[in-house]
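What follows is the residue order along each chain.
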Amino acid sequence: MVMRKRSRPVEADVPRREEVKFEDVRLYLVERKMGRSRRSFLTQLARSKGFILFFFSLYSDEVTHVVSEDSHASSLWKWLKECAPKNLQNVNVLDISWFTDSMREGRPVDNLPTLPEGSTSTPVTTVSQYACQRRTTTENHNKIFTDAFEVLAESYEFSEMEGPCLAFRRAASVLKSLPWAVRSLGATLDLPCLGEHTKAVMEEVLQCGRSFEVEKILSDERYRTLKLFTSVFGVGPKTAEKWYRRGLRSFTDILADRSIHLNQMQQTGFLHYGDITRAVSKAEARSLRNIIDEAVRAITPAAIVALTGGFRRGKEFGHDVDFIVTTPELGKEKILLPNIINGLKKQGILLFCDYQASTFDMAKLPSYRFEAMDHFAKCFLILRLEASQVEGGLHIAEGDSRGWRAVRVDLVSPPVDRYAFALLGWTGSRQFERDLRRFARVKQRMILDNHCLYDKTKFLAATTEKDIFAHLGLEYIEPWQRNA
Ligand code: CTP
Ligand code: MN
Ligand code: MN
């Protein structure tokens, strides 16, 4: 029986190609607040899982489950009563979460989140679009998708297409935060930051185990070459592009080209290429902590050394080891890095050092421009790490009998009153930091960076990361939950 008349033709209510698995469950998706295209997407999905759906303008008395995305149940019920006054007692009027759960399970789930008459809103657990409102451990249940997204993001980055690049990074970040693996597109219905393109890639991966778009990129000459060139310490996308345009395709090409002048960083990058591109282990990071600790305390016994970056987030491996060093006495931090560098040099373990003196000036804050780098004194180092200093030995290739390896170490040295901001900024992940700043700006009208938090007219003080989260009105997220 047709309850609502519309000019569009009435579609058959039973799936044609797909097999009906659940005879007793006859769905009706309410288009209000859902939109036509989304509704037809959901319809296709449900049919492919063997559900019976009533389509388009059709509302039939045979319907057993009405699913709505409209959280205002009172208006929904009013509308339903107009459509089907007779048999509403026998119908389950349900929240969309029942539908998404059922699609994920591939069967109608027993949990029935009803939308009772008179209720005004439904509690649906939502995933925030901001990484700083999600908890993301190092355990990634959706690696098959996030790996694909990262290739796409990088490929867009090489083409300087920031929009799609960021879209794929955000999508990857959302999936990383899930404590479960996505097994069907239906399961992603309530997730933010997943656009049409990302969903198309996911669908391919779900169906074929891989994405053809990603495979195409991975075999693309330009992508492969830029990826290879940027893997060298000191070579950014701009230099890589320049070399690519000159027709260079391999390291041999670069090293044989007499017209190319490699700077100190790049020369070191080539010299220690194998070691630097090899991941640093947790045990190696611990050993480096001792080395930095000793170098610092030899000069300033009261100095503070904190592990930051990926290892602070609990990662097992990293591309480098990051430390913050400062002194309890404001101003004394100025002599720290030059002295540490000297100490390391004397020990004979300093293979490379790029030292950047502080350009920090409180009077120039807050900065409204986005800046990739903060203004604190910092140095990017390559150190020689002896096997004998690492518990369980070095993380090196089998058959490597040198007894040492080169490792990348970053040191940053903020004044102690900026410590909490620097620690939060250097702990990462990059996506977590981006969203912290975006959240501060968009939601709180504040400015956050590695130096300070600024609220309209005043700086907000903080001695710990917890203070900063509290100022932002955010629940505290532990470092190991920031792997966004
Ligand atoms: N960072 C920064 N300013 C820089 C360099 C890094 O604020 N000049 C921050 C980045 O935002 C990042 C953190 O410091 O969140 C650590 O950077 P990096 O070592 O590149 O990344 P990790 O997260 O530590 O990852 P990995 O384990 O691969 O080193
Ligand atoms: Mn790091
Ligand atoms: Mn680093």
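For the chain, the name recorded in an unreviewed UniProt entry is DNA-directed DNA/RNA polymerase mu, with Sander lucioperca as its organism. Of the chain, the UniProt comment under Cofactor (unreviewed entry) reads exactly: "Mg(2+)". Check the Subcellular location (unreviewed entry) section of the UniProt entry for the chain; it says "Nucleus".

1. A word on the site of ligand 1
Residues in contact with ligand 1 amount to 15 residues; listed here are only the nearest, Gly310, Lys315, His319, Asp320 and Arg430. At a separation of 2.8 Å, an oxygen atom of ligand 1 approaches a polar backbone atom of Gly310. Between an oxygen atom of ligand 1 and a side-chain N or O atom of Arg313, the distance comes to 2.9 Å. In isolation ligand 1 offers 590 Å² of accessible surface; the protein chains occlude 85% of this area. Taken together, the elements giving at least two residues each to the shell around ligand 1 come down to α14 (309–312) and α16 (419–427).

2. A few points about the packing of aromatic side chains
Aromatic ring pairs: the centre-centre distance and the angle between the two ring planes describe each pair. For the structure shown, the criterion picks out 13 aromatic pairs. Arranged with centres 5.4 Å apart and planes meeting at 45°, the rings of Phe360 and Phe376 form a pair that is tilted. Here Phe376 lies in the loop between β9 (350–356) and β10 (377–386) and Phe360 lies in the loop between β9 and β10, a separation of 16 residues in the sequence. Accessibility expressed as a relative area gives 2% for Phe376, which makes it buried. Pairwise contacts between aromatic rings join Phe149, Tyr156 and Phe168 into one cluster.

3. Section: the coordination of the manganese ion (ligand 3)
Under perfect tetrahedral coordination by four donors, a metal shows angles of 109.5 degrees; under perfect octahedral coordination by six donors, it shows angles of 90 or 180 degrees. Coordination of the manganese ion (ligand 3) by the protein is provided by Asp320 (OD), Asp322 (OD) and Asp410 (OD), with metal-donor distances spanning 2.1 to 2.2 Å. Sequence positions of the residues that donate to the manganese ion (ligand 3) give the spacing D-x1-D-x87-D. Taken as a pair, the manganese ion (ligand 3) and the manganese ion (ligand 2) show a spacing of 3.5 Å, with Asp320 coordinating each metal. Placement of Asp320 in the loop between β7 (317–318) and β8 (321–326) and of Asp410 in strand β11 (residues 404–413) is noted, with a sequence separation of 90 residues between them. On the basis of relative accessibility, which here comes to 6%, the residue Asp320 falls in the buried class. On the accessibility criterion, Asp410 (6% relative accessible area) is buried.

4. Overview of the domain arrangement of the chain
When cut into domains, the chain gives domain 1 (7–121), domain 2 (131–217), domain 3 (220–271) and domain 4 (280–471). Relative placement of domain 3 and domain 4: their C-alpha centres are 28 Å apart. Facing four residues of domain 3, the contacting portion of domain 4 comprises five residues. Its largest share of buried area at the contact with domain 4, domain 3 owes to Phe233, Met265 and Thr268, together 93% of the area lost on that side. At the boundary of domain 3 and domain 4, one finds zero residue pairs in polar contact (both at pLDDT 80 or more). Of the residues belonging to the side of domain 3 that touches domain 4, the class tally is two nonpolar, two polar and no charged.

5. Observations regarding the sheet that holds strand β2 (residues 52–54)
One open sheet holds the four strands; their spatial order is β2-β1-β3-β4, and the pairing between them is parallel. Every interior strand has two partners, whereas the edge strands, β2 and β4 (92–95), have only one. Each strand axis lies, on average, 30° off the axis of its neighbour in the sheet, ignoring direction. Relative to strand β3 (residues 65–68), strand β1 (residues 26–29) is paired through three bridges, and the arrangement is parallel. When the bridges of β3 are listed, Leu29 appears paired with Val67. Running at roughly 165° to β1, helix α1 (residues 36–48) makes contact with β1 and β2 of the sheet. Helix-sheet contacts for helix α3 (residues 96–105) involve β1, β3 and β4, and the interaxial angle to β4 is about 80°.

Criteria and cut-off values
Residues numbered from 1 in each chain as written. Chains lettered and ligands numbered in written order. Predicted model: local features only at pLDDT ≥ 70, side-chain atom pairs only at ≥ 80, totals over all residues. Heavy atoms only, no water. UniProt positions renumbered as here; feature names shortened; annotations may be inferred. Near = heavy atom within 4 Å. Polar contact = N/O pair within 3.5 Å; in protein donor to acceptor, adjacent residues only side chain to side chain. Areas by Shrake-Rupley, 256 points an atom, 1.4 Å probe, with all protein chains shown as cover. Helix = DSSP H or I, 4+ residues; strand = E, 2+ residues; numbered from the N terminus. Phe/Tyr/Trp six-rings, centres within 6.5 Å; stacked < 30°, edge-to-face > 60°. Buried < 20%, exposed > 50% of the residue type's maximum accessible area, 1.4 Å probe, protein only. Donors = N, O, S within 2.8 Å, 3.2 Å for Na, K, Ca; no water. Domains from an automatic or database assignment. Contact = heavy atoms within 4.5 Å. Buried area = accessible area lost by both parts, 1.4 Å probe. Nonpolar A, V, L, I, M, F, W, Y, C, P; charged D, E, K, R; others polar. Pairing = 2+ DSSP bridges. Axes fitted to C-alpha atoms, helices over the stretch in contact; angles between N-to-C directions.

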